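# Chain and residue survey
So you can see what is in the structure, the chains are spelled out below.
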Amino acid sequence: MKKKVMFLAVSLLLGLAPYGVYAGSAIGEIKPYGYFWFRTTYMDKGSADADRTSEFAITRGYLRFKTKLDHNVEAKVTLDIAQKHGATAKSDWQVRLKYAHVDIGGFIPEAKIRLGLQKTYFGVIDQWEYPLIEKSLEDKLKYLASADLGVGIVGYLPQGYGDYAVAVYNGTGYTHAEDNDNKAICASVSVIPIPGLTLRGSRYQAKAGDSPEVARNRTAAVLGFARRPVEAFAEYLWTEDDQVDGKGFSLFGQLKLSNKLAVLARFDRWDPNDAVEDDGYSTYIGGLNCILVRNLLLQINYQVEDYETSGKNNKNLYLVQVKWSY
Amino acid sequence: MLKSKSILILLSAVICLSVSLIEAMAQKSRTKKLTIQGSTTVLPIAQRCAEEFMKEHPEANISVRGGGSGVGIAALIDGTIDIADASRAMKTKELKKARVNGINPVAHVVARDAIAVILHPQNPVNNLTKSHLKAIYTGAISRWNEVGGTSDVIVVVSRDVASGTFEVFNELALDKQRVRPDALMQASNQAVVNIVASTNGAIGYVGLGYLSKEVKPIAIDGVMPSVATAKSGAYLLARSLYMYTDGKPKGLAKEFIDFVLGPKGQKIVKEEGFVPVK
């Protein structure tokens, strides 16, 4: 099965390569775009001096380029510029490839074959555009990487009634090289039966290691609602890692007070091991987003992380961030 | 501890929701305002219709802006405007995004736009295929004898890239390929007519409303440009122009769409060089 998947993926890549080269002769414009986040954080997790920290940081910058090689072929590259934590003065920044893929359309109606480093089409992780500063639940808990190398098909249901994505990945995420021949398979389907109501189901199935192989499966169900001025979603997530099952959910709501101002709230509840009592924790986030000028968003968040585990201090985070889009 | 935090957060969310809903409803009832944004091609129709409409309805305040079809559609999806002008139908990707956001886009075809390909009156060529036209404009064909004409060099005249006419021509005739770099890029339809009328080997394209005796319109794939062929869809270089609303239009938006599709609005459509749909 594994070999068949690999064979299919490689055949697809080789088969399409000449088409990509041919299409590249009709060169279009290269468009740069992206974001930079400048953030200040104050953290309080205890009474000792070491428990209280504050920092200014450019936590992340996305430098993106896209170009149309042909009316059916598009290429996108995203460089992820981040500051290393605890870095020395000589190596305080790192540039990583976040996304680098070629999209080839024309084979399947309203769908593209996507080759390369691409999003992980799962739950909320590929839809989360950081309305709050915190990552999506599955990303924050590191149950999934937000991008990975592989081959995918992404498409739309007719008349905008939803979308779907199927992909085969390395399974190691964009920050690590493949360490074995076990591929991860991911599938997601979203349906929008009526405007404003979205239902999404996702399954990510992988194995890690060789002997023994360990299952790393994730499943998510998402219910989204939007009707101006309100946007909300509920995500239920469950994970299977060898003998350990984790379960939890994330609730998010946003209220647009005007075209420039919104209040936001999120509540996450996570139990990392179903079989163990009192090891869970909750996250409460309240936020305010304000568009200062076009392409400049001010985000103010207050976040509390509340642990059930005895001896582990709760965290209070005060975050202020400016997000510049270009 | 956990309980009191949850209650506080829930209470804050409910208060904010109530205040903003009351404010939004109050604001809506106070004003009779309509915001329109989108295609630069549709802009002259929307602007003139808005002017005429406001003369008849002094209580109405209609704001019309350009920016392009994509910009207008994005604003409709974000819920920041009432009507999006578009010179193309919404893409599936945009329809999906709109539905996710609780927007139900409804298309109103307000006009048809046709582009006539014109030559110097003495040029013997009367018909070009789409592939010939594309080859001429992208530089693959450079003499008229390659398409059944004289040995004259072809002088390519185009609208500048900012114009809606260029956008249509580029999409429908050239499949979005780049126009040859030595093409004479003109800022108006009339400038294109003037150059083609005074240059033997010239080829150009203009909106249907700009045809005159000084230039010769030709058939594309055997179909001549006319109001009838543009309306029927038989002519290749023709497209519909849209105004999109969120759901079936109501109130002022309905009155305005009805005006555009009525006799006065369609007269404006014709005067602006487009093909009326009614």
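Computed from a predicted model, the values in this text were never measured in an experiment. Starting from 1, residues in each chain are numbered consecutively following that chain's sequence as written. All chains are assigned letters beginning at A, and all ligands numbers beginning at 1, according to the order in which they are written. Local features in this predicted model are restricted to residues of pLDDT 70 or higher, and side-chain atom pairs are both shown and tallied only at a pLDDT of 80 or more, whereas totals for entire chains, interfaces and linings draw on every residue. Here the side-chain values reflect all heavy atoms present in the structure, with hydrogen atoms and water set aside.

## What about the overall build of chain B?
The helix and strand tally for chain B stands at 10 helices and 12 strands. The burial tally for chain B puts 48% of its 278 residues in the buried class. Here a residue-residue contact requires only that any non-hydrogen atoms of the pair lie within 4.5 Å. Counted over contacts in chain B with a minimum sequence separation of 6, partners at least 24 positions apart contribute 73%. Accessible surface, chain B as shown: approximately 13,000 Å² in total, 57% of it carbon and sulfur. Helix and strand labels come from DSSP, where a helix needs a run of H or I of at least four residues and a strand needs a run of E of at least two; each type is numbered from the N terminus. Each residue gets one of three labels from its accessible area relative to the maximum for its type: buried under 20%, exposed over 50%, partly exposed in between, using a 1.4 Å probe on protein chains only. The accessible surface values rely on the Shrake-Rupley method and a 1.4 Å probe; as for residues, cover is taken only from the protein chains in view.

## Things to note about the side chain of B:S39
Residue and element names in this part refer to chain B. Tracing the backbone through its elements, the reader meets S39 in the loop between β1 (33–38) and α2 (43–56). At a separation of 3.1 Å, a polar atom in the side chain of S39 contacts the main-chain amide nitrogen of V42. If near-sequence neighbours (up to four positions away) are discounted, S39 is found in contact with G68, S69, D85, A86 and S87. Whenever two N or O atoms come within 3.5 Å, that pair is a polar contact, provided that in protein one can donate a hydrogen and the other can accept it, and provided that, for residues adjacent in sequence, both atoms are side-chain atoms.

## Things to note about the packing of α2(B) against helix α10 (residues 263–271) of chain B
Pairs of packed helices are described in terms of their axes, by the angle between the two and the distance that separates them. Residues and elements named next belong to chain B. All axes are obtained by fitting lines to C-alpha atoms, using only the stretch in contact for helices, and the reported angles, taken between N-to-C directions, cover 0 to 180 degrees. Two elements in contact, α2 and α10, have axes separated by 10 Å at closest approach and are oriented at 145°. The two elements α2 and α10 cross, and the hand of that crossing is right-handed. Where α2 approaches α10, its residues I45, R48, C49, E52 and E56 are matched on the opposing element by K264, G265, I268, V269 and E271. Of the residues that constitute the contact of α2 with α10, the class distribution is 4 nonpolar, 1 polar and 5 charged. Here is the rule for handedness: rotate from the far helix to the near one, and if that takes an anticlockwise turn smaller than a right angle the crossing is left-handed, while a clockwise turn gives right-handed. Residues are grouped as follows: Ala, Val, Leu, Ile, Met, Phe, Trp, Tyr, Cys and Pro are nonpolar; Asp, Glu, Lys and Arg are charged; all remaining types, including Gly, are polar.

## A look at α2(B)
All names here are of chain B. With 14 residues, α2 extends 20 Å between its outermost C-alpha atoms, agreeing within 8% with the 20 Å of an ideal straight helix rising 1.5 Å per residue. All of the buried residues along α2 are L43, I45, A46, C49, A50 and F53. Down the axis of α2, the buried set is contained in an arc of 155°. They therefore lie on one face. Those residues of α2 that are buried are in contact with β2 (61–67), β3 (83–86), β4 (105–119), β11 (238–246), α9 (251–261) and α10. Expected helix span is taken as 1.5 Å per residue step, with the number of steps being one fewer than the number of residues. Within this analysis, the arc is defined by the directions that extend from the helix axis to the C-beta atoms.

## Structural notes on the domain arrangement of chain B
Residues and elements named next belong to chain B. Segmenting chain B into domains produces domain 1 (32–111 + 241–271) and domain 2 (113–238). The C-alpha-based centres of domain 1 and domain 2 are spaced at 30 Å. Taken together, the contact pairs 5 residues of domain 1 with 4 residues of domain 2. Summed over both sides, the interface of domain 1 with domain 2 buries roughly 350 Å², with 43% coming from carbon and sulfur. Every case where a carboxyl oxygen of Asp or Glu lies within 4 Å of a side-chain nitrogen of Lys or Arg is listed as a salt bridge. Linking domain 1 to domain 2 there are 0 salt bridges. At the boundary of domain 1 with domain 2, the tally comes to 0 residue pairs in polar contact (both at pLDDT 80 or more). Of the residues that constitute the side of domain 1 that touches domain 2, the class distribution is 2 nonpolar, 3 polar and no charged. These domain boundaries are the output of an automatic or database domain assignment. Accessible area, probed at 1.4 Å, shrinks when two parts are joined; the buried area is that loss added up over both.

## Observations concerning empty space enclosed by the protein
A pocket here means an open set of points on a 1 Å grid, computed over the protein atoms alone, that has protein on both sides within 12 Å along at least five of seven lines. A cavity is instead a set of points where a 1.4 Å probe fits but cannot get out; residues with an atom within 4 Å of a point line either one. Grid points are joined across faces, edges and corners, and a volume is the space filled by probe spheres set on the points. Scanning the entire structure with this criterion turns up 1 cavity of 30 Å³ or more. Size it by volume and the largest cavity reaches roughly 110 Å³. Taken together, A:A226, A:R227, A:R228, A:P229, A:V230, A:E231, A:K256, B:I77, B:D78, B:G79, B:N101 and B:I103 make up the lining of the largest cavity. Elements represented by at least two residues in the lining of the largest cavity include exactly β11 (214–227) and β12 (230–241) of chain A together with α3 (69–78) of chain B. Of the residues in the lining of the largest cavity, the class split is 5 nonpolar, 2 polar and 5 charged.

## Describing the packing of α2(B) against α9(B)
All names here are of chain B. Between α2 and α9, the least distance of the axes is 10 Å, while the angle of their chain directions is 115°. Overall, the two elements α2 and α9 adopt an arrangement that is roughly perpendicular. Between α2 and α9 the crossing geometry is right-handed. Touching A46, C49, A50, E52, F53 and E56 of α2 are L252, E255, F256, F259 and V260, all from α9. Along the lines of polarity and charge, the residues of the contact of α2 with α9 split into 8 nonpolar, no polar and 3 charged. Roughly parallel means an angle under 35 degrees; roughly antiparallel means over 145; roughly perpendicular covers 65 to 115; every other angle is labelled oblique.

## Some points on the confidence of the model for chain A
Per-residue confidence from the predictor is given as pLDDT, running between 0 and 100. When pLDDT is averaged along chain A, the result is 85, and 88% of the positions lie at 70 or above. Low confidence marks residues 5–27 of chain A, where pLDDT is under 50. Its contacts with residues over four positions away, or in another chain, come to 24 contacts.

## Quick notes on the nonpolar core
Nonpolar side chains in soluble globular proteins tend to be buried together. Residues and elements named next belong to chain B. In these notes, a set of buried Ala, Val, Leu, Ile, Met, Phe, Trp, Tyr and Cys residues joined through side-chain atoms within 4.5 Å is what counts as a nonpolar core. Grouped together as the largest cluster of nonpolar side chains are 33 residues, with contacts concentrated most on L128, L133, I136, Y137, F169, I203 and L237. Those elements giving two or more residues to this core turn out to be β4, α5 (130–138), α6 (164–172) and β8 (202–207). A per-element tally of this core places β4 first, with 5 residues. Setting aside chain neighbours within four positions, we find I136 in contact with L128, I141, W144, I154, V156, R180 and I203. Counting 27 residues, the second largest nonpolar core, distinct from the first, contains V42, L261, I268 and F274.

## Thoughts on a positive patch on the surface
Patches here: salt-bridge-free residues with over 30% relative accessible area, like charges joined within 9 Å, nonpolar side chains (Val, Leu, Ile, Met, Phe, Trp, Tyr) joined within 5 Å. For the charge count, each Lys or Arg is scored as positive and each Asp or Glu as negative, with His and the chain ends excluded. A single reference atom marks each charge: NZ on Lys, CZ on Arg, CG on Asp, CD on Glu. On the surface, A:K68, B:K91, B:K93, B:K97 and B:K176 cluster together into a positively charged patch. For B:K93, the position within the fold is in helix α4 (residues 92–100).

## Here's the deal with the pattern of salt bridges
All names here are of chain B. Overall, the coordinates contain 25 salt bridges over all chains when judged by the stated rule. Between D175 and K134 there is a salt bridge, and its shortest N-O distance comes to 3.0 Å. Of this pair, D175 sits in the loop between α6 and β7 (184–186) while K134 sits in helix α5, placing them 41 residues apart in sequence. We classify D175 as partly exposed; its relative accessible area is 22%. Using a relative accessible area of 25% as the deciding quantity, one classes K134 as partly exposed.

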